[in-house]
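Residue-level structural notes
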Amino acid sequence: AHGEEPRRAIVLSYTVAQAGLLIGGIDAVAPVLTNFFLVTYTLTNLAAALLALCGLPNFRPVWRLYSWQTSLLGAALTAGSMFFLNPLFALLTLALALALGVYISATVPSGRWPSISQAVAFLTARSCLLTLDAQPADPKYWRPSLLLLVPPSQAAGPQPTAGGASLLLRLAHRLSGSGLVVGGRTLP
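Residues numbered from 1 in each chain as written. Predicted model: local features only at pLDDT ≥ 70, side-chain atom pairs only at ≥ 80, totals over all residues. Heavy atoms only, no water.

Some words on the confidence of the model for the protein
Stated formally: Confidence of the predictor at the level of single residues is captured by pLDDT, which takes values from 0 to 100. A run of DSSP states H or I qualifies as a helix once it reaches four residues; a run of E qualifies as a strand once it reaches two. Both are numbered from the N-terminal end.
Per-residue pLDDT for the protein averages 83, and the proportion of residues at 70 or more is 91%. Here helix α6 (residues 164-176) is the element of the protein with the lowest mean pLDDT, 79, and helix α3 (residues 68-85) is the one with the highest, 95.

What to know about the packing of helix α2 (residues 26-54) against helix α5 (residues 117-134)
The line we're drawing: With axes taken as lines fitted to C-alpha atoms, and helix axes fitted only over the stretch in contact, angles between N-to-C directions fall between 0 and 180 degrees. Put simply, angles under 35 degrees are roughly parallel, angles over 145 are roughly antiparallel, angles from 65 to 115 are roughly perpendicular, and the rest are oblique. Note on convention: near helix rotated counterclockwise from far helix by under a right angle means a left-handed crossing. Clockwise means right-handed. Residue contacts are counted whenever heavy atoms from the two residues lie within 4.5 Å of one another.
Axis separation between α2 and α5 bottoms out at 10 Å; the angle between their running directions is 40°. Relative to α5, the element α2 is oriented oblique. Considering how the two elements wind past one another, α2 and α5 form a crossing that is left-handed. Counting all contacts with α2, which are made through Leu-50, Leu-53 and Cys-54, the residues of α5 involved are Ala-119, Val-120 and Leu-123.

So, a nonpolar patch on the surface
Short version of the rule: Excluding any residue in a salt bridge, patches collect residues exceeding 30% relative accessible area, merging like charges within 9 Å and nonpolar Val, Leu, Ile, Met, Phe, Trp and Tyr side chains within 5 Å. Accessible areas in this description were obtained via Shrake-Rupley with a 1.4 Å probe; residue shielding takes into account the shown protein chains only. What makes a salt bridge here is a side-chain nitrogen of Lys or Arg within 4 Å of a carboxyl oxygen of Asp or Glu, nothing more. Summary of the burial criterion: residues with accessible area below 20% of their type's maximum are buried, those above 50% are exposed, and those between are partly exposed, where the area comes from a 1.4 Å probe applied to protein chains only.
A grouping of Leu-43, Leu-46, Leu-50, Leu-53, Trp-68, Leu-72 and Leu-123 is seen on the molecular surface, where their side chains present a nonpolar patch of about 540 Å² in accessible area. For the nonpolar patch, the secondary-structure elements that each account for two or more residues are α2 and α3. At 4 residues, the largest contribution of residues to the nonpolar patch is made by α2. By the element assignment, Leu-72 lies in helix α3. Classification of Leu-72 as partly exposed rests on a relative accessible area of 35%.

Looking at α2
Where we set the bar: For a helix, the expected span equals 1.5 Å multiplied by the number of residues minus one.
The end-to-end C-alpha separation of α2 is 41 Å, in line with the 42 Å expected for 29 residues at 1.5 Å each. Val-29, Asn-35, Leu-38, Val-39, Thr-42, Ala-48, Ala-49 and Cys-54 are the residues of α2 that are buried. Just beyond α2, the residue with positive phi is Gly-55, at close to 70°.

Below, the structure is given as structure tokens:
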């Protein structure tokens with residue numbers, strides 16, 4: 001696979017390593033490397049906590065003492081140790097990690113890498129709907145809610161075609177106004 005090598009990343013890594021060594025030896029580079037390892041551990045722990053909190057069925061850690069609290073505690077401790085070692089380097093490292101995250105999300109196509117944002121959005125929407133369901137209904141805030149069932153012949157994929165299913169969905173959306181439209185397919 002000749003075209004699979006990340007050439008730009010290799011050149012950038014080499015350049016950063018050489019620049020660090022030319023600045024003042026390994027002792028000058030050690031705090032920066034330590035902070036980058038710590039930010040990696042922080043983000044890994046944070047991702048594990050989010051995966052556990054979202055309740056994803058494909059996230060099944062095997063450590064019997066695992067909980068989302070241990071991951072969150074690990075993220076807080078590693079971030080705290082970054083600031084304990086050198087607050088200025090910690091701020092610079094976090095700013096660089098944030099800039100790198102923004103750059104990646106802006107330039108890399110979304111389908112290539114999975115993102116936890118869909119799971120977090122689903123968890124937030126579910127939580128809000130459950131909160132709404134627990135409150136007594138007030139007629140002043142009534143909104144129409146529609147259930148749209150589309151026959152399987154009209155729903156031929158995850159995205160309906162320009163045919164009947166999308167027209168029905170647009171009509172239901174217009175009828176509901178600011179209400180809720182829940183769509184589904186019927187089984188044959």
